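Structural features, examined
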2 protein chains.
Amino acid sequence: MITDRPLILVVNDDGITAPGIKVLIEEMQHLGEVVVVAPDGPQSGMGHAITIGKPLRLDKVELYPDVEMYKCSGTPVDCVKLAVNRVFKGRKPDLCVSGINHGLNNSINVLYSGTMSAAVEGAIEGIPSIGFSLDDFSYDANFNHCRPYVRSIAAQVLQNGLPKHSLLNVNFPNDSFDLQGIKICRQAGGRWVEEFDERLDPHGRDYFWLTGKFQLEDRGEDTDVHALQHGYVSVVPTQFDMTAHHVIPELNSWSFDIPND
Amino acid sequence: MITDRPLILVVNDDGITAPGIKVLIEEMQHLGEVVVVAPDGPQSGMGHAITIGKPLRLDKVELYPDVEMYKCSGTPVDCVKLAVNRVFKGRKPDLCVSGINHGLNNSINVLYSGTMSAAVEGAIEGIPSIGFSLDDFSYDANFNHCRPYVRSIAAQVLQNGLPKHSLLNVNFPNDSFDLQGIKICRQAGGRWVEEFDERLDPHGRDYFWLTGKFQLEDRGEDTDVHALQHGYVSVVPTQFDMTAHHVIPELNSWSFDIPND
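Quick caveat: nothing in here was measured; it's all calculated off a predicted structure. (Residues numbered from 1 in each chain as written. Chains lettered and ligands numbered in written order. Predicted model: local features only at pLDDT ≥ 70, side-chain atom pairs only at ≥ 80, totals over all residues. Heavy atoms only, no water.)

1. Here we look at the interface of chain B and chain A
Applicable threshold: The contact criterion used throughout is that any non-hydrogen atoms of two residues lie within 4.5 Å. Note: buried area is the sum, over both parts, of the accessible area (probe 1.4 Å) each one loses when the two are combined. When a carboxyl oxygen of Asp or Glu is within 4 Å of a side-chain nitrogen of Lys or Arg, the pair counts as a salt bridge. Pairs of N or O atoms within 3.5 Å make up the polar contacts considered here, provided that, within protein, one atom can donate a hydrogen while the other can accept it, and that residues adjacent in sequence are counted only when both atoms are side-chain atoms. Put simply, DSSP marks the helices as runs of H or I at least four residues long and the strands as runs of E at least two long, and each gets a number from the N terminus on.
Contacts between the two partners involve 85 residues from chain B, matched on the other side by 85 residues from chain A. For the pair chain B and chain A, the summed buried area comes to about 8,000 Å², and 62% of that belongs to carbon and sulfur atoms. Taken together, the connections running from chain B to chain A amount to 10 salt bridges. For the salt bridge of A:Asp201 with B:Arg57, the shortest nitrogen-to-oxygen distance reads 2.8 Å. For the pair chain B and chain A, the number of links is 36 residue pairs in polar contact (both at pLDDT 80 or more). The element best represented in the side of chain B that touches chain A is helix H5 (residues 147-160) of chain B, accounting for eight residues.

Written as structure tokens, this is what we have:
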């Protein structure tokens, strides 16, 4: 593992056997030395969850030639923490890339996404980090149109670094589009409107499957949703300071009346 | 449940039997009609995770007088989604409060915290939302000094609302402090430095417990960490737009060279 080439950590949330991470590994092998630490099974929708109530497993696996790979029993964020602390042991990766996710992580999905949370954790650790996602949930999604963009964006980040406390959220239209290029965007406003699917188990007790529809609440032409709808690769610079700085003055004008009781 | 009093959703991440949520329920009963939807067990560190790979249970329970309560098998964010969609069924709560968490959720902990993620989800749903947390992890933590502040802050939010797409992250010093009042703050910069505790199972295989120490990387006097260290209740306005808007101009100056292959 000792080399002069950049050291690149690859992680995802669909699990270490997902086709999307294989594409990402292949593209990163053009740019540096690749180490993979990825979940041993699907961890979609895990957001920034970490595992604190039970222990974690980390096991070496051999799936692809010339790649050091580990599967982890925890969440995507656990993978990054274990990579930094146990796999690299002091040597800091030059880049952390997450994905390529089978499914979009634009707009509000940045919060729910294990793919993006792994990249956020990389950025918290001070590693230039990028999350990649494709607008195709299927197992046999076609990632080929993403490849040159993935490599180019990662190469730019390796060359330029990223401003402190920021990372990139990159989303691709599916292969029905002729890609129009890259657009730097902001996260579109929107939310999921839930429609829980209620069923009865064989014992007559009800249970619920979480489903829903994404509802766009932002028609801005500078958003990731707009870029993707028009065939562009969306790149949203993302941060983990969640302070609503613009709200501080208003709150300072409130008078908090503290009851005595 | 039909009433003219404000309708208040109470949620947490320590689970429905935690002492902290009991305190929150009691204080909210002074302000309105309380409905609780909380996890059936501990969900600390679950961040913004949602449950998509397995179904959810939602069961009515009776723990405290005059409170409609449901326990949920999912994450804190699942609880809010089920509350909005299945429990309230069209009637929108006037307030969503989460906690009181046994343990701080200041600084970077806002990302890992199920307590805060539940409040974030409330805000995404358009409900004025507040997360409350105490600097004491213990089961028998003393919440009494928090009570008047919890009630005052919630009353203010019921009265004023909150700016669109924002919520409040409220943290309390433990009961060794004489509280100095409320400070409106920003999220302090900092991160967890992991120290995985490596052990051998009875079969000789290694496993890891996630532990770590919080490392403050921000000496600002306007941060939540600083306020708490000086005996103040910290109130951080929080948002779920994670765009690093200030980074957009720099990225627009990059030239992405897309390889043909």
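There's more to say after this.
2. So, the pairing of strand E3 (residues 58-61) of chain A
Successive side chains on a regular strand alternate, one facing one side of the sheet and the next facing the other. Where we set the bar: If DSSP finds at least two bridges between two strands, the strands pair.
Inspection of the sheet shows E3(A) paired to strand E4 (residues 68-72) of chain A by four bridges, in the antiparallel sense. Across the sheet, A:Asp59 pairs through a bridge with A:Lys71, a residue of E4(A).

3. Examining the sheet that holds strand E13 (residues 233-239) of chain A
All names here are of chain A. What counts here: Only C-alpha atoms enter the line fits that serve as axes; for helices the fit covers just the stretch in contact. Angles between N-to-C directions range over 0 to 180 degrees.
The sheet built from nine strands is open, its strands ordered E3-E4-E2-E1-E5-E6-E7-E13-E8 with mixed pairing. Each edge of the open sheet is held by one strand with a lone partner, namely E3 and strand E8 (182-184). This sheet shows a mean twist of 25 degrees between the axes of neighbouring strands, independent of strand direction. Both strand E2 (residues 33-39) and E4 contribute to a ladder of five bridges, which runs parallel. Considered in E4, the bridge of Val 37 is made with Tyr 70.

4. Some details on the side chain of A:Ser129
Residue and element names in this part refer to chain A. What counts is decided by this rule: Throughout, exposure labels follow a simple rule: accessible area from a 1.4 Å probe, protein chains only, divided by the maximum for the residue type, with under 20% read as buried, over 50% as exposed, and the rest as partly exposed.
With respect to the helices and strands, Ser 129 occurs in strand E6 (residues 129-134). Judged by relative accessible area, Ser 129 falls into the buried class, the value being 0%. In terms of polar contacts, Ser 129 uses its side chain to reach the backbone carbonyl oxygen of Ala 119, at 3.5 Å. From its side chain, Ser 129 meets the backbone nitrogen of Ala 123 in a polar contact 3.2 Å long. Here Ser 129 is in contact with Cys 96, Ala 119, Gly 122, Ala 123, Leu 162, Leu 167 and Leu 168, once residues within four sequence places are set aside.

5. So, the sheet that holds strand E2 (residues 33-39) of chain B
Residue and element names in this part refer to chain B. What the nine strands build is an open sheet, ordered E3-E4-E2-E1-E5-E6-E7-E13-E8; its pairing is mixed. In the strand order of this sheet, the two ends are held by strand E3 (58-61) and strand E8 (182-184), each with one partner. Within the sheet, the average angular offset between the axes of one strand and its neighbour, ignoring direction, is 25 degrees. Sheet analysis places strand E5 (residues 95-102) next to strand E6 (residues 129-134), joined by five bridges and oriented parallel. Across the sheet, the residue bridging to Cys 96 is Ser 129, located in E6. Here helix H2 (residues 76-87) sits on the sheet in contact with strand E1 (7-11), E2, E3 and strand E4 (68-72), set at roughly 135 degrees to E2.

6. Here we look at the packing of helix H1 (residues 19-29) of chain A against helix H5 (residues 147-160) of chain A
Residues and elements named next belong to chain A. The cut-off we apply is this: An angle counts as roughly parallel when it lies under 35 degrees, as roughly antiparallel when it exceeds 145, as roughly perpendicular when it falls between 65 and 115, and as oblique in every other case. Crossings are sorted by hand: turned counterclockwise from the far helix by less than a right angle, the near helix makes the crossing left-handed, and turned clockwise it makes it right-handed. Put simply, Ala, Val, Leu, Ile, Met, Phe, Trp, Tyr, Cys and Pro go in the nonpolar bin, Asp, Glu, Lys and Arg in the charged bin, and everything else, Gly too, in the polar bin.
Two numbers describe how H1 lies on H5: the axes approach to 9 Å, and their chain directions differ by 50 degrees. The angle between H1 and H5 falls in the class oblique. The handedness of the crossing between H1 and H5 comes out as right-handed. Here Val 23, Leu 24, Glu 26, Glu 27 and Met 28 of H1 lie close against H5, whose contacting residues are Arg 147, Val 150, Arg 151 and Ala 154. Its residues assigned to classes, the contact of H1 with H5 comprises five nonpolar, no polar and four charged.

7. Concerning the UniProt feature "binding site: a divalent metal cation" (unreviewed entry) in chain A
Residues and elements named next belong to chain A. Convention followed: UniProt positions are given in the numbering used here, feature names are shortened, and annotations may be inferred rather than shown by experiment.
The sites that carry the UniProt feature "binding site: a divalent metal cation" (unreviewed entry) are, in the present numbering, Asp 13, Asp 14, Ser 44 and Asn 101. Their sequence span is 89 residues, while the largest C-alpha to C-alpha distance among them is just 9.0 Å; these annotated residues converge on one region. Position of Asp 13 relative to the elements: it lies in the loop between strand E1 (7-11) and H1. The residues contacting Asp 13, other than those within four sequence positions of it, are Pro 39, Gly 41, Pro 42, Gln 43, Ser 44, Gly 45, Pro 76, Asn 101, Ser 113, Gly 114 and Thr 115. Residue position: Asn 101 is located in strand E5 (residues 95-102). For Asn 101, a relative accessible area of 5% puts it in the buried group. In this structure, Asn 101 is in contact with Asp 13, Asp 14, Thr 115, Phe 132, Ser 133, Leu 134 and Phe 143, ignoring residues within four places of it in sequence. Looking at Asn 101, its side chain comes within polar contact range of the main-chain oxygen of Gly 103, at 2.7 Å.

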